[in-house]
Amino acid sequence: PLKAYAAASLYGQRLPQLPLIVQGMVPVGLTVFAGAPKRGKSWMALRMALDVAAGKPFLGNATLRGDVLYLDLESRQYRVQARLSQLIPGPAPEGLSIAHDSESLDGDLLWQLEKWSSEVTRPRLIIIDTLGRVKGKREHGENAYESDTRIFGQLQKFAQEHKLAVMCVHHLRKAKDGDDWYERIS
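A brief report on the enclosed structure follows.

Thresholds applied
- Residues numbered from 1 in each chain as written.
- Predicted model: local features only at pLDDT ≥ 70, side-chain atom pairs only at ≥ 80, totals over all residues.
- Heavy atoms only, no water.
- Buried < 20%, exposed > 50% of the residue type's maximum accessible area, 1.4 Å probe, protein only.
- Helix = DSSP H or I, 4+ residues; strand = E, 2+ residues; numbered from the N terminus.
- Arc of directions from axis to C-beta.
- Contact = heavy atoms within 4.5 Å.
- Polar contact = N/O pair within 3.5 Å; in protein donor to acceptor, adjacent residues only side chain to side chain.
- Pairing = 2+ DSSP bridges.
- Right-handed = clockwise from strand over helix to strand, strands pointing away.
- Patch = residues over 30% accessible without salt bridge, like charges linked within 9 Å, V, L, I, M, F, W, Y side chains within 5 Å.
- Areas by Shrake-Rupley, 256 points an atom, 1.4 Å probe, with all protein chains shown as cover.
- Salt bridge = Lys/Arg side-chain N within 4 Å of Asp/Glu carboxyl O.

To continue, consider helix α2 (residues 77-87). Those residues of α2 that sit buried are Val80, Arg83 and Leu84. For α2, the angular spread of buried residues about the axis comes to 100°, placing them on one side. For α2, the exposed residues lying more than 90 degrees away from the buried face are Tyr78, Gln81, Ser85 and Gln86. The inward-facing, buried residues of α2 contact α1 (41-54), β4 (67-72) and β5 (96-99).

Shown next, in the form of structure tokens:
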């Protein structure tokens, strides 16, 4: 049976609000950061990872300091090293971990994220750069919308259960007809 409740029971209750990892931008839960290829999404994601790990403002917005996992699945250490040297003086914050290989969502990715979040002190943010690298295969008979809904649902549930943010960097699909941003994300 459904676990339903009467809407009237909410009246007057003080319910805890989930924190914002980046004020006004990134809440606990799932965020999709989509844009055209080669527009600086990975640079911005790395900057956000640095700022959350250090507890510094990101683009002028306060952050909730904590451990960050950046799955940089489209590059290697040499590129991250070069970018870090351009973004910050000195070493990166202790709370930032970077990986270049992971399982997919139809494999053991959620288990890997679970393990990481249980091994750090304050898991706050997981950045997956890019979503296309972890999506996995569509299930038999699924269309793109159904596949995206299933995949995003898994990540959203994980993020909410662990009270952290998962941000997926994603490339917009090249649309030949129209300029509907939401349609181009799928």
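Don't stop here, the text continues.
What follows concerns unusual backbone geometry. Thr130 follows Asp129 through a cis peptide bond whose omega is 15°. Phi is positive for Leu59, close to 50°, though the residue is something other than glycine. Of note, Leu59 is situated in the loop between α1 and β4. Positive phi, normally seen in glycine, also occurs at Lys163, with a value near 55°.

What follows concerns the environment of Ser85. Secondary-structure assignment places Ser85 in helix α2. We classify Ser85 as exposed; its relative accessible area is 55%. Among the polar contacts made by the side chain of Ser85, one reaches the main-chain carbonyl oxygen of Ala82 at a distance of 2.8 Å.

Consecutive residues of a regular strand have side chains that alternate between opposite faces of the sheet. Burial analysis of strand β7 (residues 165-171) places six of its seven residues in the buried class, which makes it a mostly covered element. Taken together, the five bridges between strand β6 (residues 123-129) and β7 define a ladder with parallel strand orientation. Bridging across to β7, Ile127 finds its partner in Met167. As for the winding sense of the linkage, the β-α-β connection from β6 through helix α4 (residues 144-162) to β7 is right-handed.

Let us look at a nonpolar patch on the surface. On the surface, a cluster of nonpolar side chains totalling about 320 Å² of accessible area is made up of Tyr5, Leu10 and Leu15. Positionally, Tyr5 belongs in the segment before β1 (20-22). Relative accessible area serves as the criterion here: at 59%, Tyr5 is assigned to the exposed category.

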